[in-house]
Amino acid sequence: MTISKQYFHDRLVLLGLSLNVFIVFVTLLFLVFRIGGGHSGYIVQYRQNLGGDAFTAGTVVQILSFGLFSILVFFVGLVLSARMYDVHRQLAIVVQAMTTLLLVFSLIVGNALLLLS
């Protein structure tokens, strides 16, 4: 796959990419700095319909998977956006916007689960 030179020269695309890199970086920083050595388990799931067993405990690896998810979403969004840029510029920008939205949701959920621990 060859990425068009125009893709990285488009200012709106670069704005989306830099915003996504910033959100991934903030997500990774929040996850790494919020993980403390004193916790034996972290809350990784919350199911409202289970009542008293609504919280599911997990390990540090499961919490760090939010960071891995953010990195994966960024690269998939980058590849999809670059491939769509040749088809239509606005479609590539929409893919970047949806990637930003998904990264923000990942940041919110990861932060909320760490606050509950």
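Position labels on residues start from 1 in each chain and follow its written sequence. Where totals are concerned, whole chains, interfaces and linings use all residues; where local detail is concerned, this predicted model gives features only for residues with pLDDT of at least 70, and gives and counts side-chain atom pairs only at 80 or more. No hydrogens and no water enter the side-chain calculation; it runs on all heavy atoms of the structure.

Caption draft 1: Representation of the overall build of the protein in the model. Counting its regular elements, the protein contains three helices and two strands. A run of DSSP states H or I qualifies as a helix once it reaches four residues; a run of E qualifies as a strand once it reaches two. Both are numbered from the N-terminal end. Counting from the amino terminus, helix and strand elements in the protein follow one another as α-β-β-α-α. Taking all contacts inside the protein whose residues are at least 6 apart in sequence as the whole, residues at least 24 apart take part in 66%. Throughout, a residue-residue contact means that at least one pair of heavy atoms, one from each residue, lies within 4.5 Å.

Caption draft 2: Spotlight on the packing of helix H1 (residues 11–34) against helix H2 (residues 60–87). Axis separation between H1 and H2 bottoms out at 9 Å; the angle between their running directions is 170°. Judged on the interaxial angle alone, H2 and H1 are roughly antiparallel. Here H1 contributes Val13, Leu17, Asn20, Val21, Val24, Thr27, Leu28 and Leu31 to the contact with H2, which in turn contributes Ile63, Phe66, Gly67, Ser70, Ile71, Phe74, Leu78 and Tyr85. Amino acids outside the nonpolar list (Ala, Val, Leu, Ile, Met, Phe, Trp, Tyr, Cys, Pro) and the charged list (Asp, Glu, Lys, Arg) are all regarded as polar, and Gly is one of them. Here the contact of H1 with H2 is composed, by residue class, of 12 nonpolar, four polar and no charged. The axes are straight lines fitted to the C-alpha atoms, using for helices just the contacting stretch, and the angles between their N-to-C directions are given from 0 to 180°. Oblique is the label for every angle not falling under 35 degrees (roughly parallel), over 145 degrees (roughly antiparallel), or within 65 to 115 degrees (roughly perpendicular).

Caption draft 3: Fine view of the pattern of salt bridges. Throughout this description, the term salt bridge denotes a Lys or Arg side-chain nitrogen within 4 Å of a carboxyl oxygen of Asp or Glu. By the definition in use, this model includes one salt bridge. A salt bridge links Asp10 to Arg89; the nearest nitrogen and oxygen atoms lie 2.6 Å apart. Residue Asp10 is found in the segment before H1, and its partner Arg89 is found in helix H3 (residues 89–116); the two are separated by 79 residues along the sequence. Burial classification: accessible surface area is computed with a 1.4 Å probe over protein chains only, and a residue below 20% of its type maximum counts as buried, one above 50% as exposed, and the rest as partly exposed. Taking the relative accessible area as the measure of exposure, Asp10 reaches 9% and is therefore buried. Of the residues examined, Arg89 reaches a relative accessible area of 33% and is grouped as partly exposed.

Caption draft 4: Spatial organisation of the nonpolar core. Here, nonpolar core refers to any group of buried Ala, Val, Leu, Ile, Met, Phe, Trp, Tyr and Cys residues whose side-chain atoms link them within 4.5 Å. Core analysis: the biggest nonpolar cluster contains 13 residues, and Tyr7, Val13, Leu17, Tyr85 and Leu103 have the highest contact counts within it. When residues of this core are traced back to their parent elements, those giving at least two are H1, H2 and H3. Ranked by the residues each element gives to this core, the list is headed by H2, at five residues. Core analysis: the next-biggest nonpolar cluster, separate from the first, contains eight residues, Leu31, Val44, Ile63 and Leu114 among them.

Caption draft 5: Representation of a nonpolar patch on the surface. On the surface, a nonpolar cluster with roughly 570 Å² of combined accessible area is contributed by Phe25, Leu29, Val32, Phe33, Val60 and Leu64. Looking at the nonpolar patch, the elements that each hand over two or more residues are H1 and H2. Per element, the largest residue contribution to the nonpolar patch is four residues, and it comes from H1. Judged by its relative accessible area of 39%, Leu64 falls in the partly exposed class. Exposure above 30% relative accessible area and the lack of any salt bridge qualify a residue for a patch; like charges then connect within 9 Å, and the nonpolar side chains Val, Leu, Ile, Met, Phe, Trp and Tyr within 5 Å. Method for areas: the Shrake-Rupley scheme with a 1.4 Å probe, in which residue coverage is limited to the protein chains shown.

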